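Structural overview
Spelled out, the chains give:
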Amino acid sequence: MTTHPQDPAVVGSFAIQGRLGRGAMGAVYLARSPGGRLVAVKVVRDELAGDSAFRARFAREIDAARKVSGAFTAAVVDADPDADRPWLATEYLPGPTLQKAIETSGPLAPAGVQALASGLAEALMAIHASGVVHRDLKPSNIVLTDNGPRVIDFGIARALEEASLTATGMVIGTPGYLSPEQITGTGIGPESDLFALGAVLVFAASGRGPFATGSPASMLHRIVNEQPHIPPLPGPLHDVVRRCLARDPAHRPSPLEILHLLGPPAVFNPPTRPMQPTTQVAPPPTKVLPHPPIQAEPAVVAPQVVGATFATSRMRPAVFAAITTFFCLAFVPGDPQLQALHPALSTLSGLVSLTFLYFAIRHWILALRPKVVLRLSPQGLTIDRAYREATVPWSGVIRIRVGGDSKRPWLIAWLEPPYQNQLPVSNRRHHGGLRIYPVAHGAPQTRRQTQVNELRAALNWYAGHRHDNSY
């Protein structure tokens, strides 16, 4: 626990004892109530405090969070969304987070994973029954107490996510625990928390997530397009995790189904190997990816952002160009005597040759066109084409989407006037927007659809507030 000169002495009726951490919403403090009760107080950062729309959403989510009750959640004690800097006080939970426990003592035994699954399923039942979707369930939002696992930071995730998307296009969450529908923007509901639960259980059992590690863009691609890696788990636990990690939300089990399959929560024993003493109530700062925290503390290491890169390929059209050229030349009528003896056959051969010539020209055009490289990052989008490179910041992008038809999709961007002529792209327009990147033209349908999904996921991540995903 740390102290800082700018920390308040009192928040509401709570006396601040020290700072526990800092997250996407703001600072988290250990405080004491007038009656001596310890609580965790989360104080909203200045940028959000000045957003009236966030205040309204924050108040609604606090009202919803007050309704959540259960033995496996941290209860809301008090809140003031109308204060100069809105704040929320929750029950203080002494104990390490699941993240800290696994990092310090290693993965849980199968019995511990099963007890964790049952406890978290009951917690999600309480949260969802109150009309709240957590949206950011992950190991650092789960505190291991003597009375079982407890879920924290529910109830404010929606308000924080909407404010971040409106203001900067950021997506709240940790890539390895986001559901496919959160990434693609196709709708978020209670089933999204079940996907995160499956990822949490894999981490608890193996010490790593079901989609490995890497840059945000690569993890998002694996979540949307690849199968999760699930370690061997005993009995029905393996089936529960597998179903939780289903891409289709309709195939995921409900918390009640999980409890029926696994049985009621058992007495939970946190890892007993030596651990550093801790009274951690809040997780390490919630990652607002891909942007680092605005006011990061010295001890907080911002994630390294690599960005997402896409490039056109000329290999497939070059192969087809070579093949069609060969057949074009092979069917060219060359023997005058054969032409005289079989004029119909010669004509047919000439027509076949012309057909192959047509396709050869089309594929050679694709094979010889300049390679286009598209890079998406927190700063903006970059186009590298024919040895020319230019970057447009997201502030210069009015709208961006994948458009055209399903066989020849394009990434189309509507730019502010100062940037409209800066990118090295074709002058072809689509309803006023610039066609800036051909998405897998000439590739097989499966590869084209995969790249479209990957590109849309990256756009949701880096430019969610400007991405029009109506394609």
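Along every chain, residues carry numbers that run from 1 in the direction the sequence is written. Whole-chain, interface and lining totals are the exception, using all residues; otherwise, since this is a predicted model, local features are given only for residues with pLDDT of at least 70 and side-chain atom pairs are given and counted only at 80 or more. As a convention, hydrogens and water are excluded, and side-chain values are obtained from all of the structure's heavy atoms.

Now for the overall build of the protein chain. Each helix corresponds to a stretch of at least 4 residues labelled H or I by DSSP, and each strand to a stretch of at least 2 residues labelled E; elements are numbered beginning at the N terminus. Along the protein chain, the regular secondary structure elements total 14 helices and 18 strands. Here the protein chain holds 471 residues, and 53% of them are scored as buried. A separation threshold of at least 6 residues defines the contact pool for the protein chain, and within that pool the share at least 24 residues apart is 62%. All accessible-area figures derive from a Shrake-Rupley calculation using a 1.4 Å probe, and residue coverage is judged against the displayed protein chains alone. Carbon and sulfur atoms provide 56% of the accessible area of the protein chain, an area that totals close to 21500 Å². Between buried and exposed lies partly exposed: a residue is buried under 20% and exposed over 50% of the maximum accessible area for its type, with that area taken using a 1.4 Å probe on protein chains only. By definition, residues are in contact when any of their heavy atoms lie within 4.5 Å.

Next up on the list: helix H13 (residues 343–368). Expected helix span is taken as 1.5 Å per residue step, with the number of steps being one fewer than the number of residues. Taking 1.5 Å per residue, 26 residues should reach 38 Å; H13 reaches 36 Å between its end C-alpha atoms and fits that length. Taken residue by residue, H13 has Ser346, Ser349, Gly350, Ser353, Ala360, His363, Leu366 and Ala367 as its buried positions.

Spatially, E11-E12-E13-E14 is the arrangement adopted by the 4 strands of the open sheet, whose pairing is antiparallel. The open sheet has two edge strands with one neighbour each: strand E11 (308–311) and strand E14 (388–393). Each strand of the sheet is rotated relative to its neighbour by a mean of 15°, with strand direction disregarded. Pairing between strands is defined by DSSP: at least two bridges between the two strands are required. Angles shown run from 0 to 180 degrees and are taken between the N-to-C directions of axes, each axis being a line fitted to C-alpha atoms and, for helices, limited to the stretch in contact.

Throughout this description, the term nonpolar core refers to a set of buried Ala, Val, Leu, Ile, Met, Phe, Trp, Tyr and Cys residues connected via side-chain atoms within 4.5 Å. Ranked by internal contacts, the top residues of the largest apolar core, which has 50 residues, are Leu98, Leu116, Ile142, Leu197 and Ile258. Looking at this core, the elements with two or more residues in it are helix H3 (98–105), helix H4 (110–129), strand E7 (142–145), helix H7 (190–206), helix H8 (216–225), helix H9 (235–244) and helix H10 (255–262). Among residues more than four places away in sequence, those in contact with Leu98 are Leu108, Leu116, Pro139, Ile142, Leu144, Val200, Phe203 and Ala204.

Phi is positive for Arg135, close to 75°, though the residue is something other than glycine. The topology assignment puts Arg135 in the loop between H4 and E7. The exposure class of Arg135 is buried, given its relative accessible area of 10%.

Next up on the list: H7. The first and last C-alpha atoms of H7 sit 25 Å apart over 17 residues, in line with the 24 Å expected at 1.5 Å per residue. Most of H7 is tucked away, with 14 of its 17 residues classed as buried. Note on H7: the residue one or two positions beyond its end, Gly207, has a positive phi of about 85°.

Interpretation of this model should avoid reading the predicted coordinates in detail wherever pLDDT is low. Residue-level pLDDT values for the protein chain average 79, and 82% of them are 70 or greater. Looking over the protein chain, one finds the lowest element-wise mean pLDDT in strand E10 (residues 288–289), namely 40, and the highest in H7, namely 94. pLDDT gives the predictor's per-residue confidence on a scale running from 0 to 100. Note on residues 159–171: pLDDT under 50 across the span, and 38 contacts to partners over four residues away in sequence or across chains. Counted against residues more than four places away or in other chains, residues 272–306, with its pLDDT under 50, gives 75 contacts.

Spatially, E1-E2-E3-E4-E6-E5 is the arrangement adopted by the 6 strands of the open sheet, whose pairing is antiparallel. Both outer strands of the open sheet, strand E1 (10–11) and strand E5 (76–80), are each paired with one neighbouring strand and no more. Examined bridge by bridge, E5 and strand E6 (residues 87–91) share 4 bridges and lie antiparallel to one another. Residue Ala79 lies in a different strand from E6, and its bridge partner there is Leu88. Sitting on the sheet, helix H2 (residues 52–66) is in contact with strand E4 (38–44), E5 and E6, with an inclination near 160° to E5.

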